[in-house]
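Here is how the chains run, residue by residue.
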Amino acid sequence: MAMLRHDIEGFAKSLASRAVWALTEEARLTPKPGLVDARSSGAHSDMSLKLMMNSAEALRGTFEEIASVSYLHSPNQELREKIARIGREGERRMYTVTKGVNTHKGAIWALGLLTSARAVCADETDSERVLRLAGVIASFEDRYCPAEEKETNGQIVKRKFNISGAYEEAQQGFPHIRNEALPALLSARRAGKNEQEARLEALLALMAAVDDTCILHRGGNAALTTVKELAASCLRAARGNMEEFTEKFTRLSDYCSSRRLSPGGSADLLAAALFLGVEDERGREL
């Protein structure tokens, strides 16, 4: 049965709150290699935790509007173009709040799609279906997307290194969330790890697998390969010897900091995984 209008508004506010929560929890997670956290600005000279928090809160209305227009809507081109317009307005709001700093452009794309997909199937909570629907929505063309005045860093890196990026990740139904982040997050929780440890393992799983365009832009293929290897090594140690983990994690963090490498793509996917992971951990309220 379809919700009454006031119920739809409450549902949209709830999904928006979850999206903002996911962004703020990703930002607060400490320590993180190369990323803004409660300890430092990582590899960024133009960002801080306060800026990340302000940016996330500024996007609340964006996610609420996306959820509202997506409620029980068919996943079609019309919906794709509606949420794209809302997302572009959200980007402008973000840039106004951050004075031109790109804090969450990638996250608007990922979380906007997942918020939309979750509202499309409002009566279900299965993450697999939400991810599949997000992929369907992302696969429709946005005919009103304005032509970029210049290539973005992500587009330049994709062309230069012949890799997939955030758009392809979404169109494929976010395979790195499905196959890396959520399994790592939920496995760590079931093993009795605390929430910070579980989220860090999910981030490391992503860093070990994602062709992160943010790292490629700053360090090229060699840096990406090294970060992947170090992250995978950290993840293996985290599931065994914690003293070894601390040593390896320090090495990964130092490597990212010394070369100003930021795994921003992995951070966006971690926030998206947290958005979904609330419902995947049955009976556990976060």
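Looking now at the overall build of the chain. Along its length, the chain carries 13 helices and 0 strands. The N-to-C order of helical and strand elements in the chain reads α-α-α-α-α-α-α-α-α-α-α-α-α. In terms of overall dimensions, the chain is globule-like: its C-alpha atoms have a radius of gyration of 18 Å, near the 19 Å expected for 286 residues. Overall size of the chain, expressed as C-alpha extent along the three principal axes, is 55 × 50 × 35 Å. When the 286 residues of the chain are sorted by exposure, 52% land in the buried category. Sequence-distant contacts, at least 24 apart, represent 71% of the contacts inside the chain between residues at least 6 apart. Counting only carbon and sulfur atoms, one obtains 48% of the accessible surface of the chain, whose full area is about 13100 Å². A gap of 2 Å separates the mean positions of the 39 positive and 40 negative side-chain charges of the chain.

Okay, the pattern of salt bridges next. When charged atoms on two side chains of opposite charge get close, those side chains can pair. Applying the stated criterion to the full structure yields 20 salt bridges. Two residues, R85 and E65, come together in a salt bridge whose shortest N-O distance is 3.9 Å. On the criterion of sequence distance, the pair formed by R85 in helix 4 (residues 77-98) and E65 in helix 3 (residues 60-70) is long-range, its members being 20 residues apart. Judged by relative accessible area, R85 falls into the partly exposed class, the value being 36%. Taking the shortest distance from any N to any O, the salt bridge between K193 and E201 comes out at 2.4 Å. A single network of salt bridges, built from pairs that share partners, joins E25, R28, R189, E195 and R199.

Turning our eyes to something else, we now look at the nonpolar core. Ranked by size, the top nonpolar core spans 84 residues in total, and within it L113, L114, F174, I177 and L252 carry the most contacts. When residues of this core are assigned to their parent elements, the largest contribution, 11 residues, is made by helix 11 (residues 213-238). Beyond its immediate sequence surroundings of up to four residues, L252 is in contact with P33, L204, M207, V227, L230, A231 and C234.

What follows is about unusual backbone geometry. Trans is the prevailing form of peptide bonds, just as negative phi is the prevailing case for residues other than glycine. Here T30 and P31 are connected by a cis peptide whose omega angle stands at 0°. Unlike most non-glycine residues, L72 shows phi in positive territory, near 55°. Counting through the fold element by element, L72 comes out in the loop between helix 3 and helix 4. Of note, F174 is a non-glycine position whose phi angle comes to about 55°, a positive value.

Criteria and cut-off values
Residues numbered from 1 in each chain as written. Predicted model: local features only at pLDDT ≥ 70, side-chain atom pairs only at ≥ 80, totals over all residues. Heavy atoms only, no water. Helix = DSSP H or I, 4+ residues; strand = E, 2+ residues; numbered from the N terminus. Rg over C-alpha atoms; globule rule 2.2 N^0.38 Å. Buried < 20%, exposed > 50% of the residue type's maximum accessible area, 1.4 Å probe, protein only. Contact = heavy atoms within 4.5 Å. Areas by Shrake-Rupley, 256 points an atom, 1.4 Å probe, with all protein chains shown as cover. Lys, Arg positive; Asp, Glu negative; His and termini not counted. Charge placed at Lys NZ, Arg CZ, Asp CG, Glu CD. Salt bridge = Lys/Arg side-chain N within 4 Å of Asp/Glu carboxyl O. Core = buried A, V, L, I, M, F, W, Y, C linked by side-chain atoms within 4.5 Å.

Read these as geometric descriptors, not functional statements.
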